[in-house]
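Breakdown of the fold
This is what each chain is made of:
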Amino acid sequence: MFIKSLAAVAAFSAITLAHAAEVRIGSVFGLTGPTASTAAEGMAIANGYLEMINAKGGINGNTLKLAVRDDQYDPRKTPALVDELISKENIVALVNGLGTANTAALMKSGVLTHHRVPLVGVFSGSDIIRGPGSEQIFHTRASYTDEVMKISRLASTLGLKRVAVLFQEDGFGASINQAVAKASETYGFEVVQKVPYKPGETDFTAHAAQMVDARPQAIFLMGVPEAVSRFMKVYDKSRSMAQVYALSFVPAKQLADFAGEQRVRGVGISQVVPNPASTTLPLAKEFQTFLKSPYGKGISSNPLNFEVFLNLRLAVEAIRMAGPKPTPEKVTHALTSMNSFMLAGYPINFSESNRRGAHYLDIAVVGANGRLSY
């Protein structure tokens, strides 16, 4: 009887191993280049979270692995690297895309459509990447237009009518300027200065001086985190009474550490995810539990990292729903079925005709020690 039992266990184990497989998720973004400072923790979250999932038995008996390529935030490199990743790594989904111009180039190449691989979450709110050709992109954040309108509504309520704008000189910046123009008409403010910067630019002394000389009542820093940090480090706050605003992907603590706490206190940052320290939202509680675990050791609790976690959590959930043998098509179908879906208490609304799954918006203010006040 004992020998038969051992044989049965061995047979069961053999069947389990036969069905178990490695399911790969892909990411292509700027690990080096202008976005390197924020990408490092994103990588740590992704690797740590998948390790935690695997330690608990994986998904449907399969282990999960992250396959990554570095496009250096260069849109000329993104399509070929995504194509290589899909072709060589046999991934079932992409997660946490980065960059408006990068994603637009990816759309134009037709790589995602050709391979029918879904991309879950892009750190861009540009409307350019939400039009025709973006059917394989599942957005989990509000658009830049939504963010700019939220900031502009608050500025208007405060009576701020003279606005200066810092923007990146590319597709990202073009979409920002369109959104600001729309907001200007809606809320009746004047854009008194528009200051462009080139991707990767490091000296913002002249940019900051132009802003101060324009005597704005509000400054919209519509740039990537490194650009915003470098601007604030040289911005002469004593010569300007302007209220400063930035977009959601700027980490407050990183901003304070780089530019100096006194320089950045009072900066308003739009938010596209809830407070990551929320004690009422189950998804935020999951995030905090992850950060306190060995898998999340050393990772900061901030909205940007919470968004990385949210996208990973959503991609993994779609893979779970796709069954024990997930394919890109099955994962895509799982995502489109998430209509009125609750991801640990956070509402997601995708469908066959809708790829804008979430529209959360808020504005938080940078306070002491780079902490956000909601």
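Residues numbered from 1 in each chain as written. Predicted model: local features only at pLDDT ≥ 70, side-chain atom pairs only at ≥ 80, totals over all residues. Heavy atoms only, no water.

What about the overall build of the chain?
Of regular secondary structure, the chain possesses 14 helices and 14 strands. Taken over the C-alpha trace, the chain has a radius of gyration of 22 Å; the compact-globule value for 374 residues is 21 Å, and the two agree within 12%. Taking the principal axes of the C-alpha coordinates as reference, the chain spans close to 90 × 40 × 35 Å. Across the 374 residues of the chain, 54% fall into the buried class. Summarising the internal contacts of the chain: among those between residues at least 6 apart in sequence, 71% fall at separations of at least 24. (Helix = DSSP H or I, 4+ residues; strand = E, 2+ residues; numbered from the N terminus. Rg over C-alpha atoms; globule rule 2.2 N^0.38 Å. Buried < 20%, exposed > 50% of the residue type's maximum accessible area, 1.4 Å probe, protein only. Contact = heavy atoms within 4.5 Å.)

Comments concerning the packing of aromatic side chains
Under the counting rule described, the total for this entry stands at 13 aromatic pairs. Members of the aromatic cluster, joined through ring pairs, are Tyr-49, Phe-287, Phe-290, Phe-306 and Phe-309. (Phe/Tyr/Trp six-rings, centres within 6.5 Å; stacked < 30°, edge-to-face > 60°.)

Quick word on the pattern of salt bridges
Proximity of charged atoms lets side chains of opposite charge pair with each other. Applying the stated criterion to the full structure yields 16 salt bridges. A salt bridge links Arg-24 to Glu-89; the nearest nitrogen and oxygen atoms lie 2.3 Å apart. In this pair, Arg-24 sits in strand E1 (residues 22–29) while Glu-89 sits in helix H3 (residues 78–89), placing the two residues 65 residues apart along the sequence. Glu-317 serves as the salt-bridge partner of Arg-313, at 3.7 Å between the closest nitrogen and oxygen. Of this pair, Arg-313 and Glu-317 both sit in helix H13 (residues 303–321), separated by four residues, roughly a single helical turn. For the pair Arg-313 and Glu-317, a shared accessibility class is recorded, and that class is buried. What emerges from the salt-bridge pattern is a single network uniting Glu-22, Arg-24, Arg-69, Glu-84 and Glu-89. (Salt bridge = Lys/Arg side-chain N within 4 Å of Asp/Glu carboxyl O.)

Side note on the sheet that holds strand E2 (residues 63–70)
Pairing in this open sheet of five strands is parallel, and the strands run E2-E1-E3-E4-E5 from one edge to the other. What marks the edges here is a single partner per strand, and that holds for E2 and strand E5 (137–138). Examined bridge by bridge, strand E3 (residues 93–98) and strand E4 (residues 119–123) share four bridges and lie parallel to one another. Along E4, the bridge assignment pairs Leu-94 with Leu-119. This element, H3, spans E1, E2 and E3 of the sheet and lies at about 150 degrees to E2. (Pairing = 2+ DSSP bridges. Axes fitted to C-alpha atoms, helices over the stretch in contact; angles between N-to-C directions.)

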